Amino acid sequence: MLRRVGIPQPDVRVDDYPHQFSGGMRQRAMIAMALVCDPELLIADEPTTALDVTVQAQIMDLLKDLQQEFGTAIIFITHDLGVIADIADDVLVMYGGRCVERGSKKEVLRHPEHPYTLGLLGSMPALDGPVDVPLSPIPGSPPSLLNPPSGCRFHPRCAFADQVAGGRCSSERPALEVVDGRGAACHLTPEQKRELFTDYAAARTH
């Protein structure tokens, strides 16, 4: 299995200690350990963290090749939207321990329906846009899971919470209603999202 994940001289390296491996080789060894039992589902939690871009690309290619070879489904957990754009088919966006948006990769990345997803995309540099446009970081800090906010857990950081009548964002938890694999847990109406999200995107390009 070490040979199949690209470890050179596996017969020799199998007895080495972790500190004798590079970061990329340690990741490959962990993938080999996960696949040795031929699982139907592989959960990869931040497998590219702390790796340089070259090694990260190698690990991504390795996972794709192994997925095709073994027919294994992969749940890929990451904060890297570039990795998501490269490897994912379907995307589940989590915030504060809850799912806030679900859809295909194309739908979620091109047409986000939750303010948190929109904020994530806004904090990423646009390579095809103006170079002088500043990034738009999400204000505030992630919520405490021991004492989470009431209502929508994102509402203290949401730029659009004041657009919802009756203070529902702070008092009522929005349900994730999924239709044909697409949905978002947000009190904003579809019409409000189209108007507010379009204005937000336009502001980033001027």
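In UniProt, the chain has this text filed under Subcellular location (unreviewed entry): "Membrane". Turning to the chain, the UniProt record has this under Sequence similarities (unreviewed entry): "Belongs to the ABC transporter superfamily."

(A) Expanded view of the sheet that holds strand S5 (residues 183-184). Taken in spatial order, the 3 strands of this open sheet run S3-S4-S5, and their pairing is antiparallel. The open sheet is flanked by strand S3 (90-95) and S5, the only strands paired with a single partner. As paired strands, S3 and strand S4 (residues 98-104) are joined by 6 bridges and run antiparallel to one another. Following the sheet pairing, Tyr 95 is matched in S4 by Arg 98.

(B) Highlighting the packing of helix H2 (residues 23-35) against helix H3 (residues 53-70). It is the contact of H2 with H3, at a shortest axis distance of 10 Å, that shows an interaxial angle of 15 degrees. It follows from the interaxial angle that H2 and H3 lie roughly parallel. By crossing handedness, the relation of H2 to H3 is classed as right-handed. In this structure, H2 contributes Gly 24, Gln 27, Arg 28, Ile 31 and Leu 35 to the contact, and H3 contributes Val 55, Gln 58, Ile 59, Leu 62, Leu 63, Leu 66 and Phe 70. Taken together, the residues of the contact of H2 with H3 sort by class into 8 nonpolar, 3 polar and 1 charged.

(C) View of the UniProt feature "domain: ABC transporter" (unreviewed entry) in the chain. UniProt marks residues 2-49 with the feature "domain: ABC transporter" (unreviewed entry), using the numbering shown here. For the annotated span residues 2-49, helix accounts for 35% and strand for 10% of the residues, and the straight-line distance between the end C-alpha atoms is 21 Å.

(D) Examining the packing of aromatic side chains more closely. Applying the stated criterion across every chain, the model contains 4 aromatic pairs. Pairing Tyr 95 with Phe 154 gives two aromatic rings, centres 5.1 Å apart and planes at 85 degrees, and the pair type is edge-to-face. Within this pair, whereas Tyr 95 is found in strand S3, its partner Phe 154 is found in the loop between helix H6 (115-122) and helix H7 (168-171), the two being separated by 59 residues in sequence. Considered together, Tyr 95 and Phe 154 belong to a single accessibility category, that of buried residues. With 5.4 Å between their ring centres and 40 degrees between their planes, Phe 160 and Phe 197 make a pair best called tilted. Placement of Phe 160 in the loop between H6 and H7 and of Phe 197 in helix H8 (residues 190-204) is noted, with a sequence separation of 37 residues between them. When its relative accessible area of 7% is taken as the criterion, Phe 197 is described as buried. Grouping aromatic residues by their ring pairs yields a cluster made of Tyr 95, Tyr 116 and Phe 154. Residue placement shows Arg 13 over the ring face of Phe 21; its charged tip is 4.6 Å from the ring centre.

(E) Expanded view of the environment of Pro 142. Among the secondary structure elements, Pro 142 is positioned in the loop between H6 and H7. C-alpha of Pro 142 to C-alpha of Gly 24: the two residues are 118 residues apart in sequence and 30 Å apart in space.

(F) Seen up close, H3. The end-to-end C-alpha distance of H3, which contains 18 residues, comes to 26 Å, matching closely the 26 Å that a straight helix rising 1.5 Å per residue would cover. Elements in contact with the buried residues of H3: H2, strand S1 (41-45), strand S2 (73-77) and helix H4 (81-87). One or two positions beyond H3, positive phi appears at Gly 71, with a value near 65 degrees.

(G) Layout of H6. Buried residues dominate H6, accounting for 6 of its 8 residues. Those residues of H6 that sit buried are Pro 115, Tyr 116, Thr 117, Leu 118, Gly 119 and Gly 122.

(H) Structural context of the nonpolar core. Counting residues in each nonpolar core, the largest one holds 22 residues, and the members touching the most others are Val 91, Val 93, Tyr 116, Phe 154, Phe 160, Leu 188 and Phe 197. At the level of secondary structure, the elements contributing two or more residues to this core comprise H4, S3, H6 and H8. When residues of this core are assigned to their parent elements, the largest contribution, 3 residues, is made by S3. With 20 residues, the next largest nonpolar core counts Leu 42, Ala 44, Leu 62 and Val 83 among its residues.

Rules of the game
- Residues numbered from 1 in each chain as written.
- Predicted model: local features only at pLDDT ≥ 70, side-chain atom pairs only at ≥ 80, totals over all residues.
- Heavy atoms only, no water.
- UniProt positions renumbered as here; feature names shortened; annotations may be inferred.
- Pairing = 2+ DSSP bridges.
- Helix = DSSP H or I, 4+ residues; strand = E, 2+ residues; numbered from the N terminus.
- Axes fitted to C-alpha atoms, helices over the stretch in contact; angles between N-to-C directions.
- Parallel < 35°, antiparallel > 145°, perpendicular 65-115°, else oblique.
- Left-handed = near helix turned anticlockwise from the far one by under 90°.
- Contact = heavy atoms within 4.5 Å.
- Nonpolar A, V, L, I, M, F, W, Y, C, P; charged D, E, K, R; others polar.
- Phe/Tyr/Trp six-rings, centres within 6.5 Å; stacked < 30°, edge-to-face > 60°.
- Buried < 20%, exposed > 50% of the residue type's maximum accessible area, 1.4 Å probe, protein only.
- Lys NZ or Arg CZ within 6 Å of the ring centre and 35° of its normal.
- Expected span 1.5 Å × (residues − 1).
- Core = buried A, V, L, I, M, F, W, Y, C linked by side-chain atoms within 4.5 Å.

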